[in-house]
Amino acid sequence: MTELEIRNTNDVVPVIVCDNVYAPYFSSFLSTTNGLLINSLDGVGNALVEVLSGMQQDSEKTLCILNTDSLSFDTLYYDYENDALYSKGIKATHVDTFFDNNNGFYANSGVYQTLFANTKLTLPNVGIYEIEPSVRDNPVGTNNALDSYRKWSTDAKKTKVIVHRKPIADFDLNIMLEYSNTYYKYKYLFDFQNRSYDLDHMSDANHGIVDYVLQYQKADRVTGEPLTDWIDSSMFSEMTDIIYRFGTGIYRINARLKVKDPEGAWSDYCEKDMLFLGYYVYSNLYATLRTDNPSNPLTAFRPGNYVEWYDIHFTDYYIFQDISNLNYYLEISLLDNGTPVPGVPVKKITDPSQIYDPQYRDHYWNNQKFYISDVAGLENKTYQVEIAAIIDDDMDGDYDRRISKIEDITLYANNPPTISASLSATSLRQGNDNTVWVNVNDPDQDNLLLNISVKKDDETYASKGYALSYPYVSTSLPLVDLDAGTYAVTATVSDGVESASKSLAFTVLPNTPPAVAVNVTSPYLFETDTNTAFVSVYDAEGDDLALDVTVLKDGTVYRTFSYNKTSPYTDEVIALSNLSAGTYTVRAFAADDYGNATATATFPVYVNSPPYITAEIASPEILDGDSNTLTTHLTDIDPQNLFVQTELYKEGVLYSRQNTTVAPVGGIYSDVLFTFPNLPIGSYLGQVAAWDGYATSNYVNYSFNVIPRNLPPSVTVGVTPETLFAGQKATVAMLFDDGDHEPLTVTLTVLKDGTAYDVSTFSVAWLGTQYEVIKKSYEGLPEGTYTVKAVVSDGTATDEDVKTFDVKPLNISAFEITGAWNHWDGRTDYRGVYLTPNTHRFLSLETVTFHASIKGLPEMVTVTLSPELMAMTYTDPYGVVYEYEELVGYDVAFPLALSMVSYDEASAMSTWEGAYLLPLAPSTLSWEDIRKRSPYEAELTASQELSSVKATIDDVEITGNIYDRISLQPVY
């Protein structure tokens, strides 16, 4: 519904349109001072003339809307001067404490908002709002210079808007049976509980509900499709009236409720339904569920056991039929949220003899046990056990009516036991013992049966069973004195429902004979020396061993030793001292109960002979700083380790002492080399000899001389300046040195990016105190990576030095444009208009200068402009053509080349400039700063050989031309 309120003002009559407002309550708040109420926008224009003169100004009215509604603010505009409407606005100020349970503060509260055509204002936050509209006239047209003459309305037109929420309908509705002593029958009654509320009035006793409407409707029991219209609940004195209005049978009763709040707003309907038995019937089944074992309660019931229904009493008051013609049965099942559990059979009791006290309408049944089998898929959760009384109304054997009783039962579904097993050993030797270790567990703490079976080579070896109860302990099965073979162990545990197994295997290996080894310290020695024999034994099974050791000299027993060895075995150490010349054999014999082993070691004892040595020096004369080498050759009749030492004297003073030990290989000695490195100038004399531990060899003397040698030259390369940019000059300087002050030759090679750039050769002279410095400069180097290599030679020796440097690409440090007129420099023109500074805003035909600062020395610097600023011909909006050459006397070719103004070699900075008289071109900004087109661009390009860099100014503005300064006129 739409309501309009009209108020009289000097310049404006605001019109407020409220959409979807509840009409009765809205109208009670909405009024005007003269009582006029206009119900449509069409009536506003006709009524305006009548009410303008007669209305008294009323500064405030109140509206009431829902927080889901919206306000449309249209404006019926009136101005005594007949000025046009310029703009509209509104301000809404929110108070959020007006109702209970506010839903937040309005985000735009107190903020002035501009209104557009068909603006909808939504106020989602409940509370009270003060709405203040206003308008602005326009007596000056489009002349924004006279904006101050546009006036806002000054009358305070305010409207209060109360924003509230709909109430929420909710209810509980149940059917109750009440026995009538008058009619000796049961009748249906409604139990209706109104649970509706209004969030705005939760603190009220009625929760903000002042009225309600409750209705019923008959619907199909399966599809829910309505079968009648809605009927007010006042049409039913009691639920029994439903049978007379809707008929007998089984169908659904739909109920719906709507409620009203203090603001007069109705809620949406809340609908609910229920299944209705359209008979005068009262049937009930009484029974109690228990388990047959108190240790297995309903709250933690173990499947595989029985539950029992007892005190089963069924009462059937079916008014329209003689119950003597009825059959009664019982049915018991396990349900999971109303669905029978697969695998658990339903029990049906059809034998009438189970009714031990059949009265006319009351039947007392015998107790009924129900087996809940432990089937796969049962979970540890709550199920339902249902007992249902089945009534066969027409004696056809079909179930026509069913009354049930359900009790919860929490199943503690069987969890299978678990088993783990291990062996003391998975591989052992014949005759040893092994043990099987088994651990079991059951989440249900069931009594368990454990069986351990052992097979040897696929035949039963041992088997034993154990009865285990919680708490479970580890079980061990010893297997003693095992024979060789392959054994398989299987351990199986069962809780009577499920089982678990673990398989293991181990191998018993046949017993192996012991092992024995003999080692001696020296493979040979000389008279009076001592040798040591080491005897080691091992047995895989760790058996006790008997060890006998016999020492023979030239085949005759020299000494004997006997030992008893137990695991872990240690070596026997036998010292043999003061030995005379001969051949000795150490023989060891080890034995256990299953076998034996023998080992021997033989060594000779010699009469000692001294070693013999020869030697030669590599060079009798070497250069200063070089190395010389002494090579020795050794022999010994009775080969043994030899200690070889040499001493070298320089002009009578000990210069070096070196020694080493060498062992024979197959009686042959390898040559021993002594090296004397970096020898200084002088005369050298040396001596070398060998010692076998018993005697010293002959002495060998040697000598050589060290003479002076040529001193090598050196070169150092430097490049200046350190930082280079493209186009700069680089200077390569080379410094030299040579201890002999000989004439030098240097070759300078320059590579650019790995490719040869320059090769030069220079002669270098000694100047008496130093070598001359060689320099070479390279002008205008392009960017790249350079490698400078200088190689110097004195005819005998050479030296080189390498330096790498980069020539960086050109870098534009600055690019700027300045105008000769510089009109927009922040001045105030003759009209008092402030000209906003804009360094890139010019007049057509104004001379501009391009300025560039560039790191490096480019070969060329040019400027290009947007096509309009490079055009030599201009056609104005009226078709007049202007030629640049006619205006200024010449044409300009692009790109426009700039000239270098200065170059600072130290900083590598070059500056460039160039002037250009701008042509006539379309303006980008009007004199009133109104954008007419996008700005123009200027692009600077600096080039050096094959590379270039660019910079752009993209905010070049053109306004008029230089002749416009004679008389500037505003443009509208």
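Scoring rules and cut-offs
- Within each chain, residue numbers correspond to sequence positions counted from 1 in written order.
- With the structure being a predicted model, the display of local features is reserved for residues of pLDDT at least 70 and the display and counting of side-chain atom pairs for 80 or more, all residues being used for whole-chain, interface and lining totals.
- In computing side-chain values, all of the structure's heavy atoms are included and hydrogens and water are not.
- Numbering of helices and strands runs from the N terminus; a helix is a DSSP stretch of H or I covering at least four residues, while a strand is a stretch of E covering at least two.
- The buried label goes to any residue with under 20% of its type's maximum accessible area, the exposed label to any with over 50%, and the partly exposed label to all in between, with areas taken from a 1.4 Å probe on protein chains only.
- Between two residues, a contact is recorded if the distance between any of their heavy atoms is within 4.5 Å.
- Surface exposure here means Shrake-Rupley accessible area, sampled with a 1.4 Å probe, where a residue is shielded only by the protein chains that are shown.
- Nine residue types can take part in a nonpolar core, namely buried Ala, Val, Leu, Ile, Met, Phe, Trp, Tyr and Cys, and a core is a set of them joined through side-chain atoms within 4.5 Å.
- Two rings from Phe, Tyr or Trp (for Trp, the six-membered ring) form a pair when their centres are within 6.5 Å of each other. A pair whose planes differ by under 30 degrees is stacked, one over 60 is edge-to-face, and the rest are tilted.
- Two conditions define a charge sitting above a ring: the NZ of Lys or the CZ of Arg must be within 6 Å of the ring centre, and it must be within 35 degrees of the ring normal.
- We define a salt bridge as a contact between a side-chain nitrogen of Lys or Arg and a carboxyl oxygen of Asp or Glu at a distance within 4 Å.
- Pairs of N or O atoms are called polar contacts if they sit within 3.5 Å, as long as, within protein, a hydrogen donor faces a hydrogen acceptor (for residues adjacent in sequence, only side-chain-to-side-chain pairs).
- Note on patches: the residues involved have over 30% relative accessible area and no salt bridge, like charges join within 9 Å, and the nonpolar side chains Val, Leu, Ile, Met, Phe, Trp and Tyr join within 5 Å.
- Lys and Arg are tallied as positive, Asp and Glu as negative. Neither His nor the chain termini are counted.
- Where a charge sits is defined by one atom per residue type, namely NZ (Lys), CZ (Arg), CG (Asp) or CD (Glu).
- We treat two strands as partners when DSSP finds at least two bridges between them.
- In this description, a line fitted to the C-alpha atoms serves as the axis of each element, helices being fitted only across the stretch in contact, and the angle between N-to-C directions of two axes falls anywhere from 0 to 180 degrees.
- Predictor confidence is given residue by residue as pLDDT, running from a minimum of 0 to a maximum of 100.

Peer 1: Any details on the overall build of the protein chain? Residues and values, ideally.
Peer 2: For the protein chain, the count of helices and strands is five helices and 67 strands. Counting every position in the protein chain, which comprises 972 residues, the buried fraction comes to 41%. Put simply, 66% of the contacts in the protein chain that link residues at least 6 apart link residues at least 24 apart. In the form shown here, the protein chain has an accessible surface area of approximately 49,700 Å², with 49% of it arising from carbon and sulfur atoms.

Peer 1: With reference to specific residues and values, describe the nonpolar core.
Peer 2: If you look at the biggest cluster of nonpolar residues, it comprises 32 residues, and the most contacted ones within it are F815, I817, F850, I854, Y916 and L940. Secondary-structure elements contributing two or more residues to this core are β57 (811–819), β59 (847–855), β60 (860–865), β65 (909–917), β66 (936–944) and β67 (947–961). Contacts of Y916, omitting those with residues within four sequence positions, involve E846, T847, V848, F850, L865, L869, M870, M872, Y884, V892, F894 and L896. Grouped together as the second largest cluster of nonpolar side chains are 30 residues, W309, Y328, I332 and L378 included.

Peer 1: For unusual backbone geometry, give the residues involved together with the corresponding values.
Peer 2: Residue Y470 is joined to P471 through a cis peptide bond whose omega torsion reads 0°. Tracing the chain through its elements places P471 in the loop between β29 (459–468) and β30 (475–479). In this model, S567 is joined to P568 through a cis peptide bond whose omega is 0°. Located in the positive-phi region is D457, a residue other than glycine, with phi close to 50°. When you line up the elements, D457 lands in the loop between β28 (448–456) and β29.

Peer 1: Help me get a handle on the packing of aromatic side chains, residues and values and all.
Peer 2: This model, assessed by the stated rule, comprises 21 aromatic pairs. Taking the centre distance of 6.1 Å and the plane angle of 80° together, the rings of Y884 and Y890 count as edge-to-face. Residue Y884 is classed as buried on the basis of its relative accessible area of 2%. Geometry around Y269 places R256 over its ring, the cationic atom sitting 3.9 Å from the centre. Looking at R290, its charged tip hangs above the ring of Y310, at a distance of 3.9 Å from the centre.

Peer 1: Hey, could you go over the pattern of salt bridges for me, with residue numbers and the actual values?
Peer 2: The full count for this structure, using the stated rule, is 24 salt bridges. We note a salt bridge from K776 to D758, for which the minimum N-O separation is 2.8 Å. Taken as a pair, K776 in strand β54 (residues 774–778) and D758 in strand β53 (residues 755–764) lie far apart in primary sequence, 18 residues in all. Classification of K776 as partly exposed rests on a relative accessible area of 22%. For D758, a relative accessible area of 18% corresponds to the buried category. For the salt bridge of D929 with R841, the shortest nitrogen-to-oxygen distance reads 2.8 Å. Of the two residues, D929 is situated in the loop between β65 and β66 and R841 in strand β58 (residues 841–844); the sequence distance between them amounts to 88 residues. Each of D170, D172, R195 and K272 takes part in one network of salt bridges that share partners.

Peer 1: Tell me about the side chain of E572, and name the residues and values.
Peer 2: As for its position among the elements, E572 is in strand β38 (residues 572–576). In this structure E572 comes out as buried when scored by relative accessible area, which is 16%. For E572, the side chain forms a polar contact with the side chain of K565, separated by 2.7 Å. Each residue touching E572, except ones within four places of it in the same chain, is listed here: A533, F534, V535, L547, Y563 and K565.

Peer 1: Run through a nonpolar patch on the surface, naming residues and quoting values.
Peer 2: Taken together, the side chains of Y878, V880, Y882 and L887 define a hydrophobic patch exposed on the protein surface, amounting to about 430 Å² of accessible area. Its place among the elements puts Y878 in the loop between β61 (873–875) and β62 (881–883).

Peer 1: Describe a negative patch on the surface, and please don't skip the residues or the numbers.
Peer 2: On the surface, a cluster of negative charge is made up of E816, E937, D954 and D955. Looking at where E816 falls in the secondary structure, it is placed in strand β57.

Peer 1: Run through the sheet that holds β60, naming residues and quoting values.
Peer 2: Strand order in this open sheet of five strands is β58-β67-β66-β60-β63, and the pairing throughout is mixed. A strand with exactly one partner marks an edge of an open sheet, and here the two such strands are β58 and β63 (896–897). In the sheet, β60 pairs with β63 via two bridges, with the strands oriented antiparallel. Each residue of the ladder has a partner; that of T862, found in β63, is A897.

Peer 1: Please set out the sheet that holds β57 residue by residue, giving values where relevant.
Peer 2: Ordered by their spatial adjacency, four strands build an open sheet running β57-β59-β65-β64, and the pairing between neighbours is antiparallel. Whereas interior strands pair on both sides, the edge strands pair on one side only; in this sheet they are β57 and β64 (899–904). Taking each pair of neighbouring strands and ignoring which way they run, the sheet shows an average axis angle of 15°. As defined by bridge partners, β64 adjoins β65 across five bridges and the pair is classed as antiparallel. Residue S902 lies in a different strand from β65, and its bridge partner there is T911.

Peer 1: Pulling in residues and values, what's your account of the pairing of strand β52 (residues 744–752)?
Peer 2: Here nine bridges tie β52 to β53, and the two strands are oriented antiparallel to one another. Note that in β53 the partner of V746 across the bridge is F762. Here β52 pairs with strand β55 (residues 784–793) via eight bridges, running antiparallel. Paired with L748 across the bridge in β55 is A790.

Peer 1: Please provide a residue-by-residue account of the pairing of strand β36 (residues 545–553), values included.
Peer 2: Direction of pairing for β36 relative to strand β37 (residues 556–565): antiparallel, over a ladder of nine bridges. Paired with D548 across the strands is S562, a residue of β37. What sits between β36 and β37 in their antiparallel hairpin is a turn of two residues, with D554 showing a positive phi close to 55°. One ladder, built from eight bridges, connects β36 with strand β39 (residues 582–591); its direction is antiparallel. From the neighbouring strand, K553 faces β39, where its bridge partner is Y584.

Peer 1: Quick one: what's the story with the environment of G739, residue by residue and with numbers?
Peer 2: As for its position among the elements, G739 is in the loop between β51 (730–738) and β52. Spatially, the C-alpha atoms of G739 and S714 are 9.4 Å apart, while their sequence positions differ by 25 residues. Once residues lying within four places of it in the same chain are set aside, the contact partners of G739 are L711 and P712.

Peer 1: Requested: an account of the environment of S866, with residues and values cited.
Peer 2: Relative to the assigned elements, S866 resides in the loop between β60 and α4 (867–870). For S866, a relative accessible area of 13% translates into the label buried. S866 sits 72 residues away from A938 along the chain, and the two C-alpha atoms are 6.6 Å apart. Sequence-distant contacts of S866, that is, excluding residues within four places in its chain, are made with Y936 and E937.

Peer 1: A description of the confidence of the model for the protein chain should follow, citing residues and the corresponding values.
Peer 2: Across the protein chain, the average pLDDT comes to 83, with 85% of residues at 70 or higher. Below pLDDT 50 for its whole length, residues 179–186 participates in twelve contacts with residues either more than four positions away or in separate chains. Contacts for the low-pLDDT stretch residues 319–323, under 50 throughout, to residues beyond four places or in other chains number twelve contacts.

Peer 1: Can you break down the environment of Q193 residue by residue, with the values?
Peer 2: Residue placement: Q193 occurs in strand β10 (residues 185–194). Here the alpha-carbon distance between Q193 and D172, two residues 21 residues apart in the chain, equals 5.0 Å. Ignoring any residue separated from it by four or fewer positions in sequence, one finds Q193 in contact with D170, F171 and D172.

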